[in-house]
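One letter stands for each residue in the lines below.
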Amino acid sequence: MVVKRGSGGAVSRRSVLRGGVAIGGLATLPEPAIAAPARLAPRPPMGWNSWNSFATTITEAQVRETAAIMARKLLPFGYDVFTVDIQWYEPEAKSYSYNAHPVPTIDGHGRLLPAPNRFPSSAGGKGFAPLATDLHALGLKFGVHLMRGIPRLAVERDLPVLGTRTSARRIADTNSVCPWNPDMYGVDMRQPGAQAYYDGVFRLLAEWGVDFVKMDDMSRPYDAHAAEIEAAHRAIARCGRPMILSLSPGETPVVRADHVRRHAQMWRISDDFWDEWSMLEAQFTRLENWSPHIGRGGWPDADMLPLGKLALGARDTRFTPAEQRTLMTLWAIARSPLIMGGDLRHLDADTLALLTNREVLAVNQASSDNRPYFVADGTRIWSARAPDGAQFLALFNTGKALRQIGFDLAPLGLATARVRDLWAGSDIGVARGRIEQTLPGHGAGLYRLTPA
């Protein structure tokens, strides 16, 4: 480590954005009144989701195999939410494309059911209850994906809405459709029985034992779907079971932060994120913009971690080792939910080590006052506060070439600091006035600074 005395004062920066409120007994600012459901996620959720590795095709056998691995290898580190992604109700689901005319499995009230050819334990009206029970026995929470709206098949058949005298055609908005998925119509929340439909959907999920719902086609455009976001929130409050609500995809507008926080615990800040550097670089700006809204039971979501084996086993992640560390460092310091997307059946030692560094995970789970600093082109820097008052510092080299990244300690209220490298798990010296590190192209470092 290069250690220098500060000679030029504080680093030059355009602005410093202040983020969330401390957790774990360190709250220093009064928290605003947040609806009780926001307390469902006092820390960023951690888990696994099937989309990056299985697309629409996951089966019960694959769920059980993957869940057993997750419980053994990731659960001890806090990854506890296991989510079955899109089209679990579609008997003929295939790859990353969608059938033009799907025939989903639904009940007599238009509610989606697991396809029994893919999830045999759901036969006889059991739904996901047997699977959820078995995952709970492993210590995991069970999550499912839902599309916004009501199945087009239910509208075609004009099925009755549970508990009402209305029907699917009367509550459906056939002009409100997802541009990339043909399964659903939107629900016109002005119609009698519209809320009852969503209440019935979430009541069924509660009966199955669902703990987490990733609800899709909700945030693009956000305002056009705000009434259905509110409907899902109300339905969860009425269903009799606590459920985390995660909104996806699209760029939730920062100006709607108060609204989304009242109605969900996670909200996507981008479209689907994959293993391309350009996508990762773009997430810096999005997370910087959202930094004032980190915490207090609500988490801006930079999307899943596309690490390890991906895309139906077709390839390994395209991120370099340096980029993988940058990904985990950024998600940690910005407190984005940590949802692994790679195929756990092929989890290699390096990826496992990346996911399970306890000191790095502690930044994601128990830091506060998370804030970005804009320093120079090719450089990004964030800081956060530890529960014991120490400072975390993340240095990012977003350029292509090896370079030295430095930061004056004065903005952190420090003159001299002992420095611990969290990725290496070792103390690396004392910084006086300034810390500087040499980082590879697209690389990152994450450090803990304590007064010396």
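Keep in mind that what you see is a predicted model, and the values were worked out from it rather than measured. (Residues numbered from 1 in each chain as written. Predicted model: local features only at pLDDT ≥ 70, side-chain atom pairs only at ≥ 80, totals over all residues. Heavy atoms only, no water.)

1. Describing the pairing of strand S9 (residues 244-247)
A regular strand places its side chains so that they alternate between the two faces of the sheet. Note the threshold: Whether a residue is buried, partly exposed or exposed follows from its accessible area with a 1.4 Å probe, protein chains only, as a fraction of its type maximum: under 20%, in between, or over 50%, in that order. Labels follow the DSSP assignment, with helices taken as runs of H or I lasting at least four residues and strands as runs of E lasting at least two, numbered in each case from the N terminus. Pairing between strands requires that DSSP locate at least two bridges from one strand to the other.
Of the two faces of S9, both are covered, the one formed by Ile 244 and Ser 246 as well as the one formed by Leu 245 and Leu 247. In terms of strand pairing, strand S8 (residues 212-216) meets S9 through four bridges, oriented parallel. Note on S9: the bridge partner recorded for Met 215 is Leu 247.

2. Some details on helix H7 (residues 226-238)
For the record, the criterion: How far a helix is expected to stretch is found by multiplying one less than its residue total by 1.5 Å. Pairs of residues are marked as contacts when any of their non-hydrogen atoms sit within 4.5 Å.
A rise of 1.5 Å per residue sets the reference length of H7, with its 13 residues, at 18 Å; its end C-alpha atoms lie 19 Å apart and thus fit the reference within 8%. Listed as buried for H7 are Ala 226, Glu 228, Ile 229, Ala 231, Ala 232, His 233, Ala 235 and Ile 236. On the buried face of H7, the contacting elements are strand S7 (184-187), helix H6 (194-208), S8, S9 and helix H8 (257-263).

3. Re the sheet that holds strand S19 (residues 416-421)
Sheet strands pair by backbone hydrogen bonding; their relative direction is either parallel or antiparallel. Our working rule: Between the N-to-C directions of two axes lies an angle of 0 to 180 degrees, each axis being a line fitted to C-alpha atoms and, for a helix, fitted only over the stretch in contact.
Read across the open sheet, the six strands follow the order S15-S16-S17-S22-S19-S20; overall the sheet is antiparallel. Among the strands making up the open sheet, the edge pair consists of strand S15 (368-376) and strand S20 (426-432). Each strand of the sheet is rotated relative to its neighbour by a mean of 25°, with strand direction disregarded. Looking at chain direction, strand S17 (residues 391-397) and strand S22 (residues 443-451) are connected through seven bridges and run antiparallel. Residue pairing across strands places Leu 395 opposite Gly 445, the latter belonging to S22.

4. Examining the environment of Gly 297
Among the secondary structure elements, Gly 297 is positioned in the loop between helix H9 (277-290) and strand S11 (299-301). Residue classification places Gly 297 among the buried positions, given a relative accessible area of 3%. Each C-alpha atom of the pair Gly 297 and Val 144 lies 20 Å from the other, and the pair is 153 residues apart in sequence.

5. Let's talk about the domain arrangement of the protein chain
Basically, it comes down to this: Note: domain ranges come from an automatic or database domain assignment. The buried area of a pairing is the accessible area, by a 1.4 Å probe, that goes missing from both parts when the two are put together, added over both. What makes a salt bridge here is a side-chain nitrogen of Lys or Arg within 4 Å of a carboxyl oxygen of Asp or Glu, nothing more. A 3.5 Å cut-off defines polar contacts: any pair of N or O atoms within that distance qualifies, except that in protein one atom must be a possible hydrogen donor and the other a possible acceptor, and neighbouring residues in sequence count only when both atoms are side-chain atoms.
For the protein chain, the domain assignment lists domain 1 (46-366) and domain 2 (373-451). Distance between the C-alpha centres of domain 1 and domain 2: 34 Å. Taken residue by residue, the interface counts 23 residues in domain 1 and 22 residues in domain 2. Between domain 1 and domain 2, a total of about 2000 Å² is buried, with carbon and sulfur atoms accounting for 67% of that surface. The closest approach of N and O atoms between Glu 359 and Arg 420, which form a salt bridge, is 2.7 Å. At the boundary of domain 1 and domain 2, one finds 11 residue pairs in polar contact (both at pLDDT 80 or more). Here the element with the most residues in the side of domain 1 that touches domain 2 is helix H10 (residues 321-333); it accounts for eight residues.

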